[in-house]
Structures are given as structure tokens and as C-alpha cells.
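Below are the chains, spelled out letter by letter.
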Amino acid sequence: MSALLQVPGLATAPKPKKLTFSERVLPSGLRVVAIRRPTVPMVEVRLRIPFFSAKPTHLARSSLLAGTIRTGTDEHDRTSLARALGDLGAELSAGRDADRLLLSASAISTALPALLGLYAEILTSASYRPGEVTGERGRLLERITMARSQAGVIAGEALADRMSPGHPYGRTLPDEPAVAATTAGQLRSLHAGLVRPDGALLVIVGDITPARALAAAESALAGWTGAAPAAKAPALPPITQRPLLIVDRPGSVQTAFRFGGAGLPRQDERYPALQLANLIFGGYFSSRWVENIRERRGFSYSPRSAVEHAALRSSFTVTADVATEVTAPALLETFYELGRMASTPVTDAELESVRQYAIGTLALSTATQAGLATTASGLLGTGTELEWLSSHPARLAQVTVAEVAEVAAEFLAPRKLVGIAVGDAGAITAPLAGIVEVE
């Protein structure tokens, strides 16, 4: 009989390298952060513009704006703009969430001034031609219809509303009638009001000196001026325990579970312990919950938990899709693992394993130019400075078993979470009611 293979232990993660970067706030109020990363002769650009609004029409209009902002300017139509980007070896995309509008691009590093010139053109003279708006409106409506046919999307929307009722964070997809009613003129008005540099963030990462990148940004974007009207965000309601909400999806062969609760921002001194508690519970493939309901019982293919960050709140979320017939057992095992995290200490071996995993994945997330640009934009956009990238591994290294136990009891206990189950109510309600209060 051959000897069993010995799996090597985790190597100690390398000490993070200090970033070479410079930053400047332009007269317009735009904050520019340039980071040198000369791994390949490319440059990554992330422009994050505050785009929060509590107006009922905002979600529909901002979604449509993100889809059409790149379809033409006063100087270029869609085709010629795409050609101009292609000539630079560049790709440009746009996206939005409740907090921000994000314009992302990559190009060869020598093309940065020209790329920023196209950014400036889009920012100051995006045209929103009626034909482009009509086409994108139809595509957006189709995507919304398709998305809302999926149990996971239905569950995500329901959980957002459960966690943030009456707040813009409580809505993830726009309503079809509001999208259908949006006009090109309304998009131009929204652009004129909110696509402004004051308070916006531009991150440039790549094979270029920070001084040159800052100079290129200041030159190209000098004509982009103005401040958006002050938007006072309504207070987020506290997340309070409520019965498990069952959303009926007749005939569904699966149940989509979603749970959510409060989390901690990255700047909080207890965040490293919460990050590690989440990993031990369900945040990576070798976690307790994944091992239980995926590997041992075969209830779910892709269960996961996460600590997520938005501008106004951080949250802890739990996600799983399970077969209808194992809905109740899967929920029972989920509560068991959450309760075990909240009531009994983790082991030293578990803690050390996830510690190295967390340090390693942070290093991987910033190993490429694109990864570093996206990570830096996300950190800075939610109030965390770049120093966090170098100091966080040391904080992770200091977390103790007792600290993990403390945050797990506060944030992972089932009674601290609100939950959604989307599935065939006729098949799942009675079994679930035997475990938890439902509505």
C-alpha cells in the first residue's frame, strides 16, 4: 500500500510591499490618487462619482444613465467613440449602485493622457441621443425581466428591503414602469446635476510615475467642474429580528435562502476578528458551513457568507440555494453552524488557517494592476485610506480566539439576522415553521 500523501501546511504570507503613490485634490474638488505598479506597460483608471439620491425615480434613471453614458458625446457617436478607445488599446465600462457611478478603463500606459481626454469628453458632453436611450431602455427592461425570474435575485431584493425598508439601499433593481418612462432629456438633467467632480475620486494605477499621472489628470479634466447638490441620506433603520419571510415561487425546485445583519466597517478595530469569524463560518471553501451543507450533506452547491461594505453601512450576509425537499434540514444546519460560532470558541488551528488565507487573498487582490485599482477605489470610496493595505495583515496576525468569539456572538448569532426564503411556499412553509417563526 502506498504511503498517504502529506499535504503541506500553509506558507507564511509575504510582508506587504509599501505602495508608491501620490495624491492631489484638484481645484474642482476631484481627488486623484496615482499608484505606480510597473508590472506590465498598462494603466488602470477608476473614476468613482458619488451618485446617491433618495428620489423615487433615481434608481431607474441612474441605471439607464450608466448604460448610455458611453454611447456618444457632442464630438463622437457610439461607433466613433468605440473606435477612439480602440485606437488607444482601451476598454471602458460603466456601472452604478446606490452609492456611486463608476467608470472603469484600461489602456496602454502611454495612452493615459488621451484616455483621460476621452473621460473628460464623456463627463462634460455625453449626448444621450434619443435612439441610444431607446435601445438601451429596451435592453435594460429585458435584463430586469430576466433577473426577476431568478429565485436568487428575488431573494436578494427581498433581503435588501428587509434590511433597509424605505431606504434607497432597500431597492436593488429599478421598476420596469419607471425605466420605460425615462427619457433622454431626463438623463441629460441627471448627468448635469450629479456627474460632478466635487467629492469624486479618480484612481490611476500602472506603469507610470505618480507625478506624470497626476499632471495628466489635472490637464485633461480641468474643464470638468461643478458641485452636485447636497444629498442628505435618510437614516438607515436598525436591523431588527423578524420572522423568516417566505416568498412564494410556485413549483420551484429550489429554495433561495438569504440572511443579513449588521457588520463592521474596515476601519473598526474589531473588523479583523469579524473577517476571520466570517471565514471560519462560511467565507471560504474549507469553512464549517460549506463543509457541512455542501461537502458532507450535499444540500447546496455554493453556500457562502460575506462581510460587505457600502458607504453608509457594513453588513454580514449568508447565501445558499438548496433543493426544495431539503429546505428545512439545510436551514437547521445553517442555524446550527451560526449558533456554534456564536456560542463556542473556534480552535487555534481554524484561526491560524483563516488568518493566512485572509492575508494571502488580500495580497492576491492587489497583485495585478486591475485588482489594485479596484481595491483602492473600493477602500477610498468607503472611507478607508490606502495605509490599510499594509497595516491590515498585522492586525489580522494579532486576532485571538477570544476576540473571534466576541464578535461572532454579537454579529453571527441567528437571532441577530433577518432572513428570506424564496421557494414553493406550499412545500416549504410547514417544515420551516417547525424550526423558526415564519411569515
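In this report, we go over the structure that sits alongside the text. Computed from a prediction, not measured in an experiment: that's the story for all the values here. (Residues numbered from 1 in each chain as written. Predicted model: local features only at pLDDT ≥ 70, side-chain atom pairs only at ≥ 80, totals over all residues. Heavy atoms only, no water.)

1. Quick notes on the layout of surface pockets
The space that makes up the largest pocket amounts to roughly 970 Å³. For the largest pocket, the lining is made up of 33 residues, of which Asp97, Thr172, Glu308, His309 and Ala310 are closest to its centre. Contributions of two or more residues to the lining of the largest pocket are made by β3 (42-50), β5 (100-108), α5 (151-163), β9 (304-309), β10 (314-323) and α13 (369-381). For the lining of the largest pocket, the leading source of residues is α5, giving five residues. The class makeup of the residues in the lining of the largest pocket is nine nonpolar, eleven polar and 13 charged. (1 Å grid on protein atoms, 1.4 Å probe; cavity = no way out; pocket = protein on both sides within 12 Å on 5 of 7 lines; lining within 4 Å. Points joined across faces, edges and corners; volume = space filled by probe spheres on them. Helix = DSSP H or I, 4+ residues; strand = E, 2+ residues; numbered from the N terminus. Nonpolar A, V, L, I, M, F, W, Y, C, P; charged D, E, K, R; others polar.)

2. Overview of the sheet that holds β9
Pairing within the open sheet is mixed, and its five strands lie in the order β7-β11-β8-β10-β9. Where the open sheet ends on each side, the last strands, each with one partner, are β7 (245-248) and β9. If you compare each strand with its neighbour and ignore which way they point, the axes differ by 20° on average. Where strand β8 (residues 254-262) lies against β10, nine bridges are found, and the strand directions are antiparallel. Residue Phe259 lies in a different strand from β10, and its bridge partner there is Val318. Each of β8 and β10 is contacted by helix α11 (residues 327-343), which is oriented at about 25° to β8, the strand it contacts most. (Pairing = 2+ DSSP bridges. Axes fitted to C-alpha atoms, helices over the stretch in contact; angles between N-to-C directions. Contact = heavy atoms within 4.5 Å.)

3. Some remarks on α11
Compared with the 24 Å implied by 1.5 Å per residue over 17 residues, the 24 Å span of α11 between its first and last C-alpha is a close match. Among all positions in α11, only Thr327, Ala328, Ala330, Leu331, Glu333, Thr334, Glu337, Leu338 and Met341 are buried. In the core, the buried residues of α11 are packed alongside β8, α9 (271-283), α10 (288-296), β10, α15 (401-411) and α16 (425-433). (Expected span 1.5 Å × (residues − 1). Buried < 20%, exposed > 50% of the residue type's maximum accessible area, 1.4 Å probe, protein only.)

4. Quick word on the pairing of strand β2 (residues 31-36)
Of all six residues that make up β2, five are buried, and the element is covered over most of its length. Inspection of the sheet shows strand β1 (residues 20-25) paired to β2 by six bridges, in the antiparallel sense. Its bridge partner being in β2, Ser22 is matched across the sheet by Ala34. Linking two consecutive strands that pair antiparallel, namely β1 and β2, is a turn of five residues; a positive phi of about 100° is found at Gly29 within it. Pairing of β2 with strand β6 (residues 201-206), which is carried by six bridges, proceeds in the parallel orientation. What sits directly across from Arg36, in β6, is Gly206.

5. Describing the packing of helix α12 (residues 348-365) against helix α14 (residues 387-398)
Running from amino to carboxyl end, α12 crosses α14 at an angle of 175°, the nearest separation of the two axes being 9 Å. On the basis of the axis angle, α12 is roughly antiparallel to α14. Each of Arg355, Ala358, Ile359 and Leu362 in α12 lies in contact with α14, whose residues at this interface are Trp388, Leu389, His392, Pro393, Leu396, Ala397 and Gln398. Its residues assigned to classes, the contact of α12 with α14 shows eight nonpolar, two polar and one charged. (Parallel < 35°, antiparallel > 145°, perpendicular 65-115°, else oblique.)

6. Some details on the pattern of salt bridges
Applying the stated criterion across every chain yields a total of 22 salt bridges. Salt-bridge contacts for Arg143 lead to Glu136; the nearest nitrogen and oxygen are separated by 2.8 Å. Given a relative accessible area of 42%, Arg143 falls into the partly exposed group. Of the charged contacts, one joins Glu157 and Arg148 as a salt bridge, the two residues approaching to 2.9 Å between their closest N and O atoms. Relative accessible area serves as the criterion here: at 17%, Glu157 is assigned to the buried category. Where salt bridges share partners, they join Arg148, Glu157, Arg171, Asp175 and Glu176 into one cluster. (Salt bridge = Lys/Arg side-chain N within 4 Å of Asp/Glu carboxyl O.)

7. Some words on the packing of aromatic side chains
Geometry of an aromatic ring pair is reported as the spacing of the ring centres plus the angle between the planes. Using the criterion set out here, one finds five aromatic pairs in the structure. Taking the centre distance of 5.2 Å and the plane angle of 10° together, the rings of Phe281 and Trp289 count as stacked. The exposure class of Phe281 is buried, given its relative accessible area of 0%. For the pair Tyr284 and Tyr357, a centre-to-centre distance of 4.6 Å together with 45° between the ring planes defines the contact as tilted. Of this pair, Tyr284 sits in the loop between α9 and α10 while Tyr357 is found in helix α12, placing the two residues 73 residues apart along the sequence. Of the residues examined, Tyr284 reaches a relative accessible area of 14% and is grouped as buried. In this structure Tyr357 comes out as partly exposed when scored by relative accessible area, which is 33%. Grouping aromatic residues by their ring pairs yields a cluster made of Phe257, Phe259 and Phe335. (Phe/Tyr/Trp six-rings, centres within 6.5 Å; stacked < 30°, edge-to-face > 60°.)

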